[in-house]
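# Structure assessment
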Amino acid sequence: MSGPATGVRPVGIAAEGGPPSARPWLVERWREAADRNLTPTKRSLIVTWASFGTTWGAVRFITHGIRGGWLPLDNLSAGGRHLHHYNIGIATLAGIGLIAVRGDERAVGHPAVAAAYGVGTALITDEFALLLDLQDVYWAKQGRLSVDVSIGVLAALGTYLTARPFWDEIAKVTRRHITAVAKRNLPSTG
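Analysis parameters
Residues numbered from 1 in each chain as written. Predicted model: local features only at pLDDT ≥ 70, side-chain atom pairs only at ≥ 80, totals over all residues. Heavy atoms only, no water. 1 Å grid on protein atoms, 1.4 Å probe; cavity = no way out; pocket = protein on both sides within 12 Å on 5 of 7 lines; lining within 4 Å. Points joined across faces, edges and corners; volume = space filled by probe spheres on them. Helix = DSSP H or I, 4+ residues; strand = E, 2+ residues; numbered from the N terminus. Salt bridge = Lys/Arg side-chain N within 4 Å of Asp/Glu carboxyl O. Buried < 20%, exposed > 50% of the residue type's maximum accessible area, 1.4 Å probe, protein only. Axes fitted to C-alpha atoms, helices over the stretch in contact; angles between N-to-C directions. Parallel < 35°, antiparallel > 145°, perpendicular 65-115°, else oblique. Left-handed = near helix turned anticlockwise from the far one by under 90°. Contact = heavy atoms within 4.5 Å. Nonpolar A, V, L, I, M, F, W, Y, C, P; charged D, E, K, R; others polar.

## Digging into the layout of surface pockets
For the second largest pocket, the calculated volume is near 150 Å³. What lines the second largest pocket is simply Ser-44, Thr-48, Ile-96, Ile-99, Ala-100, Val-108, Gly-109, Val-113, Ala-114 and Tyr-117. Those elements giving two or more residues to the lining of the second largest pocket turn out to be helix H2 (40–68), helix H3 (85–102) and helix H5 (111–126).

## A word on the pattern of salt bridges
Considering all chains together, one arrives at five salt bridges under this definition. The partner of Asp-35 in a salt bridge is Arg-43, with the nearest N and O atoms 3.2 Å apart. Among the residues examined, Arg-43 registers a relative accessible area of 35% and is labelled partly exposed.

## Focus: the packing of helix H1 (residues 26–37) against helix H8 (residues 164–185)
Where H1 meets H8, the closest approach of the two axes is 9 Å, and the angle between their N-to-C directions is 155°. When the axes of H1 and H8 are compared, the pair comes out roughly antiparallel. By crossing handedness, the relation of H1 to H8 is classed as right-handed. From H1, Leu-26, Arg-29, Trp-30, Ala-33, Ala-34, Arg-36 and Asn-37 reach across to H8, where they touch Pro-165, Phe-166, Glu-169, Ile-170, Val-173, Thr-174, Arg-176 and His-177. Taken together, the residues that form the contact of H1 with H8 break down as eight nonpolar, three polar and four charged.

Encoded structure:
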């Protein structure tokens with residue numbers, strides 16, 4: 001799909017006020033690839049997996065920074081009790097569950113809902129060892145290595161496998177774009 005509604009202009013059509021272009025901008029090509037390859041469900045899954053991976057990485061960074069003393073943050077607490085981030089994840093998923101049960105189609109398919117689902121799931125999964133053993137093993141060897149490796153791999157694989165044809169086309173379009181730019185910038189010989 002292309003045109004004013006999608007914000008994507010066909011190859012060779014100039015932007016308003018700009019010179020005609022032989023090739024659309026790379027971002028526009030990515031949008032075209034998304035329009036061809038991603039159903040609304042796949043778009044939601046990509047947002048979910050990407051927010052999961054981003055949240056997981058950010059939480060790991062923050063918790064290591066707090067523990068190492070190199071981030072000027074402190075643990076969350078309420079009434080003198082430490083609040084683990086899985087508590088926030090559970091509350092987030094409870095809210096997403098309420099939206100799903102309500103059944104509002106526009107809300108269910110909204111990217112913010114997909115992002116919140118990924119965030120909530122990451123917050124819970126990051127402390128899975130604590131929930132499994134009911135012991136705070138977050139910093140113990142058994143609580144860290146399996147979580148670090150498995151969640152990182154799952155987030156990357158989930159993001160890729162959710163929309164593999166889209167990512168394959170993005171790689172192909174990007175390669176073509178880089179090659180075309182490189183050819184334009186090569187000095188002519190002869």
